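Spelled out, the chains give:
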Amino acid sequence: MPVRPTKESGLTPVACTDCRKQHLKCDAKRPSCSRCLQNGLLCQYLASRRGGRRKSRRIQEPGAPSTPSPYQQSLPAMQPVFHSATPDLSIQANPQAPTPTNTSFSRQVASADLPDAAGDETSWLGMLPANDYNSGAFSNKSSVENDDRLRRLYYENFHAAHPILVPSGLYSDHNYPLYLQTVVHFVGSHYTATGRATEYKKRVVEQLGAHTEHSPATVQAWLIYAIVLNARRESDEAQAALTQSIDLALELGMNRAGFASSSHAVCSIEAESMRRTWWELVITEIYMAISLNSFAFRCSALPPEVALPCEESIYNGGRDIPRPSMMLDFRRRILAAEDPIFSSFSYRIEATMILSRVIVLNRVPECHRDQVQAAENALVSWTNHLPAKKLDIVDAYGNVDEMMFQAHLTTGYAAMLLHLPRSDLQPVLAQPEKSQFWPGASCHLQLSSTSTRLVHSIKAAEASRQVSDSISVCPNILKHSPFIIPSLSLCGLIQLATSTLHSDECFDHHCNRVNLILGCLKSARRTWELAESTYQSLRSSAAELMSASLERCQWNCAHLNQLVPTESLPSDPTRPSSALDGQDLMVTDLPSNFFDRACFNASFFTAVPDLNMI
């Protein structure tokens, strides 16, 4: 109940901590005063100490046994429970107490679960350990600042790869439930050097575990949580979180065409967020099936009723959302007289659907050769029907189209998975258990094919080359989805296998690509445990397969340098200026160790144009 003002002054005898700090009038409404509620601040009241014992009596002498208060004696023994609105506060909570869902700090704990602020001498803050609360790291101000920072890190590093929440500029006004904000803080904590991600995870478990609301926000919270758990290599929990998200989404009917527009205008940001959430569920289910070795596709097997997402620039710009296209419109683009352009998210969806076909195909040991050819046709057609502006993954200003980047890596990954089991490269890497992204056990059987194993080897190597070329353009792994880690793993393994089968002349060509992948994984392993395990697996394989070749190629290089005639080197003093301009200097004028020998021209086997990087 709100505290009534006094008759003499009209002021309330109690004010929240934030109003006191700003020296502003406080109406002392509970659980949040009007000012804090309007500004989205954390409203907190310090308990009165009138009539209570002095603080000195409650300070325990060193070595003296602790005597818990009657309230604390009634609590069962349990681990501290964390709440995201105050990330640095730990409190013994009643497991039977209801779990709130709003963003107000004072609503986190029901008033019946706390001592009466006016009549009990023990304040809520007083129940905290003295060394925790007095350390300064657990102040409300720092907690709010930390939450803002973690939210910013979420949007700077994770949102572009999985853009289902509203754009960052609308986040505060959208008033997401507390449990979803906690998940956002948990994701953001992975991009800091504090190493407190596990602590934030405990808060997520507490918030989501006790939450029973059935809403799209809950679907989003479980979905984001599942993606991060998968990147942390916590497979069982990731599978459980994804199942929770899918179950709730199907229960709500998010797979229906009219769901997004039933509660929001069809062209609103909120409706667009709902559509993106469903399609992100479809994509996540397919990608997690690889690492979790689960192939029960529940979302992607349903008819595609939900409209397609719009372009990222429109969504993040906060502009009016155009009327969305349907999947049938997207599939009819190949019949159009002109070349219609759809959103990058749409091409990403189709690329992931092709990946799911390859995954299922590789699980069938005796699939028909036409089925293999159909998957190959789908991969080639996806590239051939790309509009010209969707071929590049960066624009003239250096901005990365993350959706198209993921789409290109997804098709490259699908091509590697399709051709590798049917190629001559597989026997070289005879220890598939080193990588969880290697094709399944059934792929080691005799698989039907429409081409020779040599052609499949060339296509697998070419697909890995495309993946490494794409990642070389955008090598900052932490700005991309952790779902690209499997494609990097397989790319490195295929380059390793190719280097052992080809001659030493093109060894450096493959070695440099392996070095690129190892460097990217090494950078990402500081954040994602999935990258750490992948890096160690690829590094150990490279050490085993490339050590002898490195030594042999180093000797050959030194030997060739001794054979280079001195007259072939540039000696004319008039030539350096033109050489610096790239003119009149022929490749034969320099020692051969300045260049990597390409192993073959594979352009005949791929429809993907080379990136113009010169």
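Procedures and definitions
- Residues numbered from 1 in each chain as written.
- Predicted model: local features only at pLDDT ≥ 70, side-chain atom pairs only at ≥ 80, totals over all residues.
- Heavy atoms only, no water.
- Helix = DSSP H or I, 4+ residues; strand = E, 2+ residues; numbered from the N terminus.
- Buried < 20%, exposed > 50% of the residue type's maximum accessible area, 1.4 Å probe, protein only.
- Contact = heavy atoms within 4.5 Å.
- Areas by Shrake-Rupley, 256 points an atom, 1.4 Å probe, with all protein chains shown as cover.
- Expected span 1.5 Å × (residues − 1).
- Arc of directions from axis to C-beta.
- Salt bridge = Lys/Arg side-chain N within 4 Å of Asp/Glu carboxyl O.
- Axes fitted to C-alpha atoms, helices over the stretch in contact; angles between N-to-C directions.
- Parallel < 35°, antiparallel > 145°, perpendicular 65-115°, else oblique.
- Left-handed = near helix turned anticlockwise from the far one by under 90°.
- Nonpolar A, V, L, I, M, F, W, Y, C, P; charged D, E, K, R; others polar.
- Phe/Tyr/Trp six-rings, centres within 6.5 Å; stacked < 30°, edge-to-face > 60°.
- pLDDT = per-residue confidence, 0-100.

Here's the deal with the overall build of the protein
And step 1. Helix and strand content of the protein: 23 helices and two strands.
And step 2. Out of the 614 residues belonging to the protein, those deemed buried represent 46%.
And step 3. Pairs at least 24 residues apart make up 70% of the contacts formed inside the protein by residues separated by at least 6 positions.
And step 4. About 30,400 Å² of surface is accessible on the protein, with carbon and sulfur atoms providing 52% of the total.

Remarks on helix α17 (residues 369-384)
And step 1. Spanning 16 residues, α17 covers 22 Å between terminal C-alpha atoms, matching the ideal 22 Å at 1.5 Å per step.
And step 2. Buried within α17 we find Val 372, Ala 375, Glu 376, Ala 378, Leu 379, Trp 382 and Thr 383. In an axial view of α17, the angular spread of the buried residues amounts to 150°, which keeps them on one side of the axis. Across from the buried face of α17, at angles greater than 90 degrees, the exposed residues are Asp 370 and Asn 384.
And step 3. Taken together, the buried residues of α17 touch α16 (344-362), α18 (402-419) and α19 (453-473).

Remarks on the pattern of salt bridges
Pairing of side chains with opposite charge becomes possible as their charged atoms draw close.
And step 1. This structure, assessed with the given rule, holds 20 salt bridges.
And step 2. Across the pair Glu 462 and Arg 465 runs a salt bridge, and its minimum N-O distance is 2.7 Å. Here Arg 465 and Glu 462 lie together in helix α19, a separation of three residues that amounts to about one turn.
And step 3. The exposure class of Glu 462 is buried, given its relative accessible area of 3%.
And step 4. The exposure class of Arg 465 is buried, given its relative accessible area of 19%.
And step 5. It is possible to trace a salt-bridge network through shared partners that takes in Lys 201, Arg 232, Glu 234 and Glu 237.

Considerations on the packing of helix α8 (residues 178-188) against helix α9 (residues 197-209)
And step 1. Contact geometry of α8 with α9 gives a least axis separation of 9 Å together with a crossing angle of 160°. Comparing their axes, α9 and α8 come out roughly antiparallel. Between α8 and α9 the crossing geometry is left-handed. On the side of α8, the interface is formed by Leu 178, Tyr 179, Thr 182, Val 183, His 185 and Phe 186, while α9 contributes Ala 197, Tyr 200, Lys 201, Arg 203, Val 204, Gln 207 and Leu 208.
And step 2. Split by residue class, the contact of α8 with α9 holds eight nonpolar, three polar and two charged.

Description of unusual backbone geometry
And step 1. With a phi close to 60°, Ala 28 is a non-glycine residue in the positive phi region.
And step 2. Position of Ala 28 relative to the elements: it lies in the loop between α1 (17-22) and α2 (34-39).

Looking at the packing of aromatic side chains
And step 1. Within this structure, the stated rule accounts for 11 aromatic pairs.
And step 2. Residues Tyr 155 and Tyr 171 carry aromatic rings whose centres are separated by 5.8 Å and whose planes lie at 80° to one another, so their mutual orientation is edge-to-face. Pair noted here: Tyr 155 is in helix α6 (residues 140-157) and Tyr 171 is in helix α7 (residues 171-174), with a separation of 16 residues, a long-range link.
And step 3. Judged by its relative accessible area of 12%, Tyr 155 is buried.
And step 4. Here Tyr 171 falls in the buried class, since its relative accessible area comes to 5%.
And step 5. Residues Tyr 287 and Tyr 413 carry aromatic rings whose centres are separated by 6.4 Å and whose planes lie at 10° to one another, so their mutual orientation is stacked. Here Tyr 287 is found in helix α13 (residues 269-292), whereas its partner Tyr 413 is found in helix α18, with 126 residues between them in sequence. In this structure, Tyr 287 and Tyr 413 share a single accessibility class: buried.

Regarding the packing of α13 against α16
And step 1. Between α13 and α16, whose axes approach to 10 Å, the crossing angle comes to 30°. One element, α13, and the other, α16, form an angle in the roughly parallel class. Read as a crossing pair, α13 and α16 show a hand that is left-handed. Together, Arg 276, Trp 279, Glu 280, Val 282, Ile 283, Ile 286, Tyr 287 and Ile 290 of α13 and Phe 345, Arg 348, Ile 349, Thr 352, Met 353, Leu 355, Ser 356 and Ile 359 of α16 make up the contact between the two elements.
And step 2. Among the residues forming the contact of α13 with α16, the class breakdown is 11 nonpolar, two polar and three charged.

Here we look at the confidence of the model for the protein
And step 1. In this model, the protein carries a mean pLDDT of 74, and residues with pLDDT of at least 70 account for 65%.
And step 2. The low-confidence segment residues 4-11, where pLDDT is below 50, has seven contacts with residues more than four positions distant or belonging to other chains.

Considerations on the environment of Val 228
And step 1. Relative to the helices and strands, Val 228 is located in helix α10 (residues 216-231).
And step 2. Judged by its relative accessible area of 0%, Val 228 falls in the buried class.
And step 3. For the pair Val 228 and Val 183, spaced 45 residues apart in sequence, the C-alpha separation works out to 9.6 Å.
And step 4. Apart from residues lying up to four places away in sequence, Val 228 is in contact with Phe 158, Phe 186, Val 187, His 190 and Trp 528.

Describing the environment of Tyr 225
And step 1. As for its placement among the helices and strands, Tyr 225 is situated in helix α10.
And step 2. A relative accessible area of 5% places Tyr 225 in the buried class.
And step 3. Once the C-alpha coordinates of Tyr 225 and Val 204 are considered, the two residues, 21 residues apart in sequence, prove to be 8.5 Å apart.
And step 4. Residues contacting Tyr 225, with those up to four places away along its chain left out, are Val 183, Phe 186, Lys 201, Val 204, Val 205, Leu 208, Glu 237 and Ala 241.

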